[in-house]
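Working through the structure, step by step
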Amino acid sequence: GENVEQHPSTLSVQEGDSAVIKCTYSDSASNYFPWYKQELGKRPQLIIDIRSNVGEKKDQRIAVTLNKTAKHFSLHITETQPEDSAVYFCAASSGGYQKVTFGTGTKLQVIP
Amino acid sequence: SAVISQKPSRDICQRGTSLTIQCQVDSQVTMMFWYRQQPGQSLTLIATANQGSEATYESGFVIDKFPISRPNLTFSTLTVSNMSPEDSSIYLCSGEGTGEAFFGQGTRLTVV
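Just so you know, these numbers come straight off a predicted model, no measurement behind them. (Residues numbered from 1 in each chain as written. Chains lettered and ligands numbered in written order. Predicted model: local features only at pLDDT ≥ 70, side-chain atom pairs only at ≥ 80, totals over all residues. Heavy atoms only, no water.)

So, the nonpolar core
Where we set the bar: We define the nonpolar core as a collection of buried residues of types Ala, Val, Leu, Ile, Met, Phe, Trp, Tyr and Cys that are connected through side-chain atoms lying within 4.5 Å of one another. Throughout this description, buried means an accessible area under 20% of the type-specific maximum (1.4 Å probe, protein chains only), exposed means over 50%, and partly exposed covers the range between. Per the convention used, a helix needs a DSSP run of H or I reaching at least four residues, while a strand needs a run of E reaching at least two, with both numbered from the N terminus. Contacts are assigned to residue pairs that have any heavy atoms within 4.5 Å of one another.
Within the largest apolar cluster, 26 residues are counted, with the highest numbers of intra-cluster contacts made by B:Trp34, B:Ile46, B:Phe66, B:Ile68, B:Leu78, B:Tyr91 and B:Leu109. Every element with two or more residues in this core is listed here: strand 3 (19–25), strand 4 (31–37), strand 5 (43–49), strand 8 (75–80), strand 9 (89–97) and strand 11 (107–111) of chain B. Aside from chain neighbours lying at most four places away, what touches B:Leu109 is B:Asp11, B:Cys13, B:Leu19, B:Val80, B:Met83, B:Asp87, B:Ser88, B:Ser89 and B:Tyr91. Counting 23 residues, the second-largest nonpolar core is a separate cluster that includes A:Val4, A:Tyr25, A:Ala86 and A:Ala92.

Quick look at the state of the cysteines
Operational definition: Count a disulfide wherever a pair of cysteine sulfur atoms falls within 2.5 Å.
Scanning all chains against the criterion turns up two disulfides over all chains. Among the cysteines around B:Cys13, which has no disulfide bond, B:Cys23 carries the closest sulfur, lying 16 Å off.

Focus on the interface of chain B and chain A
Interfaces are often sized by the accessible area lost when the parts come together. Our working definition: Reported buried area values correspond to the accessible surface (1.4 Å probe) lost by two parts on association, with both partners' losses combined. By salt bridge we mean one thing: a side-chain nitrogen of Lys or Arg within 4 Å of a carboxyl oxygen of Asp or Glu. We call two N or O atoms a polar contact when they sit within 3.5 Å, provided that within protein one can donate a hydrogen and the other can accept it, with sequence-adjacent residues counted only if both atoms are side-chain atoms. Residue polarity follows a fixed list, in which Ala, Val, Leu, Ile, Met, Phe, Trp, Tyr, Cys and Pro are nonpolar, Asp, Glu, Lys and Arg are charged, and the others, Gly among them, are polar.
Counting residues at the interface gives 21 residues for chain B and 16 residues for chain A. Here chain B and chain A share an interface that buries about 1600 Å² over both sides, 54% of which is from carbon and sulfur atoms. For the pair chain B and chain A, the number of links is one salt bridge. Close ionic contact of B:Glu58 with A:Lys99 constitutes a salt bridge, the shortest N to O distance being 2.8 Å. Seen at the junction of chain B and chain A, the total is seven residue pairs in polar contact (both at pLDDT 80 or more). Within the residue set of the side of chain B that touches chain A, elements represented by two or more residues are strand 4, strand 5, strand 9 and strand 10 (100–103) of chain B. Here the side of chain B that touches chain A takes four residues from strand 4 of chain B, the largest share from any one element. Each residue belonging to the side of chain B that touches chain A can be placed in one class, and the counts come to nine nonpolar, nine polar and three charged.

Topic: the sheet that holds strand 8 (residues 72–77) of chain A
Residue and element names in this part refer to chain A. The condition that has to hold: Here, a strand pair is defined by DSSP locating no fewer than two bridges between the strands. Each axis is a line fitted through C-alpha atoms, and for a helix only the stretch in contact is used; angles between axes span 0 to 180 degrees, taken between their N-to-C directions.
Read across the sheet, five strands follow the order 1-3-8-7-6 without closing on themselves; strand pairing throughout is antiparallel. Among the strands making up the open sheet, the edge pair consists of strand 1 (4–7) and strand 6 (56–59). Across the sheet, the axes of successive neighbouring strands diverge by a mean angle of 15°, strand direction being ignored. Across four bridges, strand 6 lies against strand 7 (residues 62–67) in antiparallel orientation. Note that in strand 7 the partner of Glu56 across the bridge is Thr65.

Describing unusual backbone geometry
The residue after A:His7, namely A:Pro8, is reached through a cis peptide bond having omega -5°. Cis geometry marks the peptide bond from B:Lys7 to B:Pro8; its omega dihedral reads 0°. Position of B:Pro8 relative to the elements: it lies in the loop between strand 1 (4–7) and strand 2 (10–13). Phi is positive for A:Lys71, close to 60°, though the residue is something other than glycine. Exposure remark for A:Lys71: the relative accessible area of 25% places this residue in the partly exposed category.

Taken by themselves, the reported measurements are silent on function.
The structure is reproduced here in structure tokens:
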């Protein structure tokens, strides 16, 4: 089955700096890669996703890149703000209503 | 995306008893999933709930312990049976539409 690894497990950045979270996956059949943000005590919320037919996707301060050859994908948050502080999960799926496999999570702290 | 209402939001249960968690989606979804999340950890898939057929369980999870119902495309239940303190966790249901997973608010279960 799919295995998703995520690094780092914790990340502290100064407000205004950028944050990068990296993930690798094992199943070459995976073609859908969502990222979730989970604030303390709340449900995971989808913040951005990318499909295997594109290499990069951007939404305001958030961008995701995908390297299918290397089976790597990354989340980039620019101009970080204190409200970006949360746990971020990457995930992978082969789509078509298949199960989503989650990474281990990154706890991001943005220091004001 | 669709909205999932999950209940109860939390419960404290005696060991040896059972708890049924319900998830109601505001629109029809093909697939529903049940996850367990220990505090500070990632999401572990318990099973995939299919309408009209038996749920598909992941390694380490069995139907006798976690029976699931999926009577229609908008509703599912997960029962945690014969509970022990090791079952204390957050349980989340998820619905999937064209690859995007969205979550219920979670059930925080404490077994004493």
